[in-house]
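Below, each chain spelled out in residue letters.
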Amino acid sequence: MDNWLNALAKAELHLHLEGALEPELLFQLAERNRISLPWADIDSLRQAYACHNLQEFLDLYYQGANVLREEQDFYDLTWAYLCKCQAQGVVHCEPFFDPQTHTERGIPLQRVIAGISQALADGRRQLGISSGLILSFLRHLSEEQAFATLAEAMPWRDSFIGVGLDSSELGHPPSKFQRVFAKARSEGLHAVAHAGEEGPPAYIWEALDLLKVERIDHGVRAMEDPRLVQRLVDEQIPLTVCPLSNVKLRVFDDMRQHTILSMLECGLKVTVNSDDPAYFGGYLNENFQALHDSLGMSQAQARQLAQNSLDARFVRN
Ligand code: HPA
Ligand code: ZN
């Protein structure tokens with residue numbers, strides 16, 4: 001399975017770069033930047049990763065991101081992820097980054113974008129991995145702050161291909177960001193949003209109708225609403241599903257209850273993704289492997305999921 005999976009060409013469309021910060025690199029960067037950490041060592045940090053819901057995870061994720069200070073740090077983080085991609089047959093990626101997680105701590109946006117973009121450019125040249133960067137707004141902050149972030153990023157418009165929406169879903173519906181998404185789309189940016197992870201199907205409807213997104217990130221709760229499933233099938237809207245993340249954050253109690261293969265069989269355009277691999281126990285192939293082990297995913301299903309990911313990318317070479 002391992003070799004076969006590695007050889008299967010895949011794209012990853014739902015990956016938060018800050019969530020690819022492995023404990024080893026986190027400790028290295030803390031030392032390099034002289035930051036003291038609340039964890040005694042790598043093992044205690046790994047133990048802290050046993051979070052049980054989205055908010056518990058996010059608290060840890062924002063705390064971890066605090067070690068990212070210099071352009072080189074953002075480069076190293078992105079490069080480490082790209083090396084994983086190469087090892088696992090990921091030929092294309094469209095990662096997210098959260099500008100506000102850094103600008104709120106006083107890190108200039110230019111530094112963040114420069115480090116990430118340089119690594120993505122080196123990834124194209126040296127590893128043959130094509131990519132497009134997506135700037136994600138934090139939905140627990142205001143739409144006004146999202147507007148300010150978009151304006152601040154516009155001098156680097158050529159460095160990203162789209163906008164997304166992440167962080168705490170419940171209580172922060174897509175409708176809150178309707179105007180800033182309209183502005184982003186008017187700048188020619190692609191649009192995606194997390195919806196239907198912890199939030200209800202109504203949030204997926206809003207993401208489609210109000211934000212006019214082209215892909216839904218997660219979207220697993222669509223299965224509670226047959227009319228919504230029909231629409232997603234009819235329009236072939238890609239859903240970037242993250243199996244290990246969903247089990248870790250208790251969207252499903254157990255991988256054997258995950259509905260991804262039923263979604264695929266319904267005709268939904270689902271893809272497999274790792275979300276925050278450093279926190280959720282694996283990269284793309286560990287997610288595929290889990291579907292094989294717990295749900296009996298066939299090779300034909302794996303091939304279809306991989307093909308969907310290539311079909312659903314925004315950037316084509
Ligand atoms: N959901 C919402 N926000 C996030 C996630 C997620 O899975 N990962 C990083 N930010
Ligand atoms: Zn996510």
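The shown structure was predicted, so the numbers you read here are calculated from the model rather than taken from an experiment.

Procedures and definitions
Residues numbered from 1 in each chain as written. Chains lettered and ligands numbered in written order. Predicted model: local features only at pLDDT ≥ 70, side-chain atom pairs only at ≥ 80, totals over all residues. Heavy atoms only, no water. Helix = DSSP H or I, 4+ residues; strand = E, 2+ residues; numbered from the N terminus. Rg over C-alpha atoms; globule rule 2.2 N^0.38 Å. Buried < 20%, exposed > 50% of the residue type's maximum accessible area, 1.4 Å probe, protein only. Contact = heavy atoms within 4.5 Å. Areas by Shrake-Rupley, 256 points an atom, 1.4 Å probe, with all protein chains shown as cover. Lys, Arg positive; Asp, Glu negative; His and termini not counted. Charge placed at Lys NZ, Arg CZ, Asp CG, Glu CD. UniProt positions renumbered as here; feature names shortened; annotations may be inferred. Near = heavy atom within 4 Å. Polar contact = N/O pair within 3.5 Å; in protein donor to acceptor, adjacent residues only side chain to side chain. 1 Å grid on protein atoms, 1.4 Å probe; cavity = no way out; pocket = protein on both sides within 12 Å on 5 of 7 lines; lining within 4 Å. Sits in = over half its atoms within 2 Å of the grid points. Nonpolar A, V, L, I, M, F, W, Y, C, P; charged D, E, K, R; others polar. Donors = N, O, S within 2.8 Å, 3.2 Å for Na, K, Ca; no water. Tetrahedral: all angles 85-135°; square planar, octahedral: opposite > 155°, others 65-115°. Points joined across faces, edges and corners; volume = space filled by probe spheres on them. Pairing = 2+ DSSP bridges. Axes fitted to C-alpha atoms, helices over the stretch in contact; angles between N-to-C directions. Expected span 1.5 Å × (residues − 1). pLDDT = per-residue confidence, 0-100. Salt bridge = Lys/Arg side-chain N within 4 Å of Asp/Glu carboxyl O.

**Describing the overall build of the protein chain**
Of regular secondary structure, the protein chain possesses 16 helices and 10 strands. On C-alpha atoms alone, the protein chain measures out to a radius of gyration of 18 Å, which is about the 20 Å that the 2.2 N^0.38 rule sets for 317 residues. Taken along its principal axes, the extent of the C-alpha atoms in the protein chain is 50 × 45 × 40 Å. When the 317 residues of the protein chain are sorted by exposure, 58% land in the buried category. For the protein chain, the share of sequence-separated contacts (at least 6 apart) that also reach a separation of at least 24 residues comes to 76%. If you sum the accessible surface of the protein chain, you get close to 12,200 Å²; carbon and sulfur atoms cover 47% of it. Side chains of the protein chain give 28 positive and 43 negative charges; the mean places of these two sets differ by 4 Å.

**Remarks on the UniProt feature "site: Important for catalytic activity" (unreviewed entry) in the protein chain**
Under the UniProt annotation, "site: Important for catalytic activity" (unreviewed entry) lies at His-218. If sequence neighbours within four positions are ignored, His-218 has contacts with His-14, His-194, Ala-195, Gly-196, Glu-197, Leu-239, Thr-240, Val-241, Cys-242, Ser-245, Asn-246 and Asp-275.

**Regarding the site of ligand 1**
Taken together, His-16, Leu-54, Phe-57, Leu-58, Tyr-61, Asp-166, Ser-167, His-194, Glu-197, His-218, Asp-275 and Asp-276 make up all the residues around ligand 1. Within the contact set of ligand 1, a nitrogen atom lies 2.8 Å away from a backbone nitrogen or oxygen of Ser-167. Taking 260 Å² as the accessible area of ligand 1 by itself, protein coverage stands at 100%. Spatially, ligand 1 is embedded in the largest cavity. Ranked by residues supplied to the shell around ligand 1, first place goes to helix 4 (residues 54-65) with four residues. Here the residues of the shell around ligand 1 sort into four nonpolar, four polar and four charged.

**Observations regarding the coordination of the zinc ion (ligand 2)**
Of the protein atoms, only His-14 (NE2), His-16 (NE2), His-194 (NE2) and Asp-275 (OD) coordinate the zinc ion (ligand 2), at distances of 2.1 to 2.2 Å. One way to put it: the four donor atoms around the zinc ion (ligand 2) meet at angles of 83 to 173°, and that makes the site irregular. All donors of the zinc ion (ligand 2) come from a single chain, and their spacing in sequence reads H-x1-H-x177-H-x80-D. An identical accessibility class is assigned to His-14 and His-16; each is buried.

**Re the side chain of Asp-73**
Note on placement: Asp-73 falls in helix 5 (residues 71-88). Here Asn-33 takes part through its side chain, which lies 2.8 Å from a polar atom of the side chain of Asp-73. A polar side-chain atom of Asp-73 sits 2.9 Å from the main-chain amide nitrogen of Arg-69. Contact partners of Asp-73, with chain neighbours within four places excluded, come to Leu-29, Arg-32, Asn-33, Val-67 and Leu-68.

**Topic: empty space enclosed by the protein**
Under the defined criterion, the tally for this structure stands at two cavities of 30 Å³ or more. For the largest cavity, the calculated volume is near 100 Å³. In terms of lining, the largest cavity is formed by 16 residues, of which the most central are His-16, Leu-54, Phe-57, Leu-58 and His-194. Per element, the largest residue contribution to the lining of the largest cavity is five residues, and it comes from helix 4. Split by residue class, the lining of the largest cavity holds seven nonpolar, four polar and five charged.

**Quick word on the sheet that holds strand 2 (residues 90-93)**
Whether parallel or antiparallel, the strands of a sheet pair through hydrogen bonds between backbone atoms. Here we have three strands laid out as an open sheet, ordered 1-2-4, and parallel in their pairing. A single partner strand is all that each edge strand has here, and the edge strands are strand 1 (10-12) and strand 4 (130-131). The sheet contact formed by strand 1 and strand 2 spans three bridges and is parallel. Counted as the bridge partner of Glu-12 is Cys-93 from strand 2. Running over the sheet, helix 16 (residues 299-311) touches strand 1 and strand 2 and is turned about 60° from strand 1.

**Observations concerning helix 15 (residues 284-295)**
If you check helix 15, its first and last C-alpha atoms are 16 Å apart, about what 12 residues at 1.5 Å a residue would give, namely 16 Å. Once helix 15 ends, the next one or two residues include Gly-296, with phi positive near 65°.

**Here's the deal with the UniProt feature "domain: Adenosine deaminase" (unreviewed entry) in the protein chain**
Under the present numbering, the feature "domain: Adenosine deaminase" (unreviewed entry) in UniProt falls on residues 10-315. Helix makes up 49% of residues 10-315 and strand 13%, and the two end C-alpha atoms of the span are 14 Å apart.

**Some thoughts on the confidence of the model for the protein chain**
Detailed reading of the predicted model is not advised wherever pLDDT is low. Of all residues in the protein chain, 100% have pLDDT values of 70 or greater, and the mean over the chain is 97. By mean pLDDT, the top-scoring element of the protein chain is strand 9 (residues 238-241) (99), and the lowest-scoring one is helix 1 (residues 2-7) (90).

**Quick word on the pattern of salt bridges**
Tallying each qualifying case throughout the model produces 12 salt bridges. Note that Glu-235 is salt-bridged to Arg-231, the shortest N-O span being 3.0 Å. One salt-bridge network, held together by shared partners, links Arg-32, Asp-73 and Asp-76.

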